[in-house]
Structure formats: C-alpha cells, structure tokens
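Secondary and tertiary structure notes
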Amino acid sequence: MARDIARTAVDTVRWIGHQLIEPLRADDELKNFTLSIPEAQTTTVDGDIGWANRPPAVVNCPRCDSEIRQSRSIETIDCPRCVGEFDAEEFAALELLYLQCPVCRTRMEHGNRHPNAVDVPEWATCERCRYHWEYEHF
C-alpha cells in the first residue's frame, strides 16, 4: 500500500513537471521565430520596421464620423461614406482608431514612446499572432 502511494506521488510529480516543461519545448511550426527589437522587449514570430511597412490603419473621418481604412501608409485616405479625402501626410491630424494586423487581421495594441516628438504610432503588436511593427527612428 505504501508502495502504491509512493508510485502515485512519483507519477503526479512527473505529470506536473511535464505540464511545466512542455510549453518551453521548441515548436517546429515557428520557422520564422525571431526576437524583436530590444526596445520592444517582446518576443515575436514576424514583424516589420519602418513607416512604409506600417500595418493597415483605421482612422475616424472628421466629416461624417465613419471609419476610413488606409491599407498602406502612402495611400490617400478616402472616406467611403462622404467626400472626405485626405493626403497620406495628413494621417497624424486624423484620429487613429486602431491598426490592423496584416497577418491575422485583428486589432493591434499600439502606442508612442516619444509622444512629444512623434505624433504617429511608434510601435504596434498583435496579441493574437505576435506580429510586431516598429517605427524606424533616424
């Protein structure tokens, strides 16, 4: 009986150890796994750097209050509901609602590290697929 209790205890400890170690094992599916820029302090699977590679953005139209999607940072921002049309350079003047992950199409977390110097997002991370984008500082 004591032997059965000891065996059960050992099996339980092995199971717990397996549960703790398994998530740390290498994942063969993450072929493009890289560590992101040290400033980001995050682990990503894929990512880009530079304003030209900025993820698609959704801004608020100041004329009719609808959402405008800008797929690429160099595109004209054209409202689909009204006559609102803005140059790409006017992006910072518009209210950014969210950035959309180019990989899985979900909303990304984004922010500014230097809000007094830069008035556009400086980073964005997708919590779902771990895609990360960084604004390129000169």
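What comes next concerns the included structure. As the structure is a computational prediction, the values presented were derived from the model and not from experiment.

Definitions and cut-offs
- Residues numbered from 1 in each chain as written.
- Predicted model: local features only at pLDDT ≥ 70, side-chain atom pairs only at ≥ 80, totals over all residues.
- Heavy atoms only, no water.
- Buried < 20%, exposed > 50% of the residue type's maximum accessible area, 1.4 Å probe, protein only.
- Helix = DSSP H or I, 4+ residues; strand = E, 2+ residues; numbered from the N terminus.
- Pairing = 2+ DSSP bridges.
- Polar contact = N/O pair within 3.5 Å; in protein donor to acceptor, adjacent residues only side chain to side chain.
- Disulfide = S-S within 2.5 Å.
- Contact = heavy atoms within 4.5 Å.
- Core = buried A, V, L, I, M, F, W, Y, C linked by side-chain atoms within 4.5 Å.
- Salt bridge = Lys/Arg side-chain N within 4 Å of Asp/Glu carboxyl O.
- Axes fitted to C-alpha atoms, helices over the stretch in contact; angles between N-to-C directions.

Once that is clear, we can look at the pairing of strand β11 (residues 131-134). Of the two faces of β11, the one carrying Y131 and W133 and the one carrying H132 and E134 are both buried. Where strand β3 (residues 46-49) meets β11, four bridges bridge the pair, whose relative direction is parallel. Residue D48 lies in a different strand from β11, and its bridge partner there is W133. Bridge analysis of strand β10 (residues 123-125) against β11 gives three bridges, and the strand direction is antiparallel. Within the sheet, the bridge partner assigned to T125 lies in β11 and is H132. Between β10 and β11, which pair antiparallel one after the other, the connecting turn spans five residues, and R130 there sits at a positive phi close to 70°.

Below, the discussion takes up the environment of E90. Within the fold, E90 resides in the loop between β7 (85-86) and β8 (95-100). Linking E90 and T76, residues 14 residues apart in sequence, is a C-alpha distance of 9.1 Å. In this structure the side chain of E90 is engaged in a polar contact, spanning 2.7 Å, whose partner is the backbone nitrogen of D87.

A full pass over the atoms with the stated rule returns zero disulfides. C61 forms no disulfide, and the closest cysteine sulfur to it belongs to C82, at a distance of 3.7 Å. Look at C61 and you get buried, because its relative accessible area is 1%. C101 carries a free sulfur, and the closest cysteine sulfur to it, the one in C129, is 3.5 Å from it.

Another point: the side chain of R54. The residue R54 is located in the loop between β3 and β4 (57-60) in this model. Ignoring sequence-local partners within four residues, the contact set of R54 consists of Q70, R72, S73, F91, L99 and W133.

The biggest cluster of nonpolar side chains holds 19 residues, and the ones touching the most others in it are I68, I77 and M108. Beyond its immediate stretch of four places on either side in the chain, I77 contacts V59, I68, Q70, G84, E85, F86, D87, F91 and L94.

On to the pattern of salt bridges, then. A side chain with one charge may pair with a side chain of the opposite charge, provided their charged atoms come close. Counted under the stated rule, the structure contains two salt bridges. R113 is the salt-bridge partner of E134, the closest N and O atoms lying 3.0 Å from each other. With E134 in strand β11 and R113 in the loop between β9 (107-111) and β10, this residue pair connects regions lying 21 residues apart in the sequence. The buried category is assigned to E134, whose relative accessible area is 2%. Using a relative accessible area of 29% as the deciding quantity, one classes R113 as partly exposed.

Moving on, we come to the sheet that holds β9. If you walk across this open sheet you meet the seven strands as β3-β11-β10-β9-β8-β4-β5, and the pairing is mixed. On the outer flanks of this sheet lie β3 and β5 (67-70), each paired with one strand and no other. Each adjacent strand pair in this sheet contributes to an overall mean axis angle of 25°, direction not counted. Across three bridges, the pairing between β9 and β10 is antiparallel. Across the sheet, H110 pairs through a bridge with A124, a residue of β10.

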